[in-house]
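A closer look at the structure
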Amino acid sequence: MMIVKIINTLLILFAAYMGTKQGWAMFSGKSEMLELFGKWNIGRQGVMVLGFFTLLSVALILIPKTFVWGNFLMAAGILLIICFHLLDRDFKGVMIEVPFLLLSLIIIYLQHPLAKIS
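So, here's what we can say about the structure. (Residues numbered from 1 in each chain as written. Predicted model: local features only at pLDDT ≥ 70, side-chain atom pairs only at ≥ 80, totals over all residues. Heavy atoms only, no water.)

Digging into unusual backbone geometry
Phi at asparagine 41 takes a positive value of approximately 60°, unusual for a residue other than glycine. Tracing the sequence through the fold places asparagine 41 in the loop between helix H2 (31–38) and helix H3 (44–62). Positive phi outside glycine occurs at glutamine 111, with the angle close to 70°. Of note, glutamine 111 is situated in the segment after helix H5 (91–110). The class of glutamine 111 is partly exposed, set by a relative accessible area of 41%. (Helix = DSSP H or I, 4+ residues; strand = E, 2+ residues; numbered from the N terminus. Buried < 20%, exposed > 50% of the residue type's maximum accessible area, 1.4 Å probe, protein only.)

Focus on the packing of helix H4 (residues 67–87) against H5
For any two helices packed against each other, the geometry comes down to the angle between their axes and how far apart the axes lie. Taken N-terminus to C-terminus, the directions of H4 and H5 make an angle of 165°; their axes are 9 Å apart at the nearest point. With respect to H5, the axis of H4 lies roughly antiparallel. When you trace H4 past H5, the crossing you get is left-handed. Seen from H4, the contacting residues are Phe67, Asn71, Met74, Ala75, Ile78, Leu79, Ile81, Ile82, His85 and Leu86; seen from H5, they are Phe91, Gly93, Val94, Glu97, Val98, Phe100, Leu101, Ser104, Ile107 and Ile108. Looking at side-chain class alone, the contact of H4 with H5 contains 15 nonpolar, four polar and one charged residues. (Axes fitted to C-alpha atoms, helices over the stretch in contact; angles between N-to-C directions. Parallel < 35°, antiparallel > 145°, perpendicular 65-115°, else oblique. Left-handed = near helix turned anticlockwise from the far one by under 90°. Contact = heavy atoms within 4.5 Å. Nonpolar A, V, L, I, M, F, W, Y, C, P; charged D, E, K, R; others polar.)

In structure tokens form, the structure reads like this:
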């Protein structure tokens, strides 16, 4: 059981790192993010809002009581991007995002390692 908690902790830290990295890139309006979302007619403010919610989801994931909500928010954002890629028939983009969606679902299944199990 301890090994599962360690693995889940590492998965959560990886998800938090990637979420922070991508969320900050969106929130700060990095040109790559503006270009990516621009092709879906999402402007700078829209990208910044998505970045804010991505960063918020990372913070929520780290807290045991808000863990599921944070993962739900993160998964919703990833699903939105997957849908945009599907509209463009960009299957490479979809395949890049799918592992991150699965990661959110896996860490929800494994639960927060610091949560009290009743």
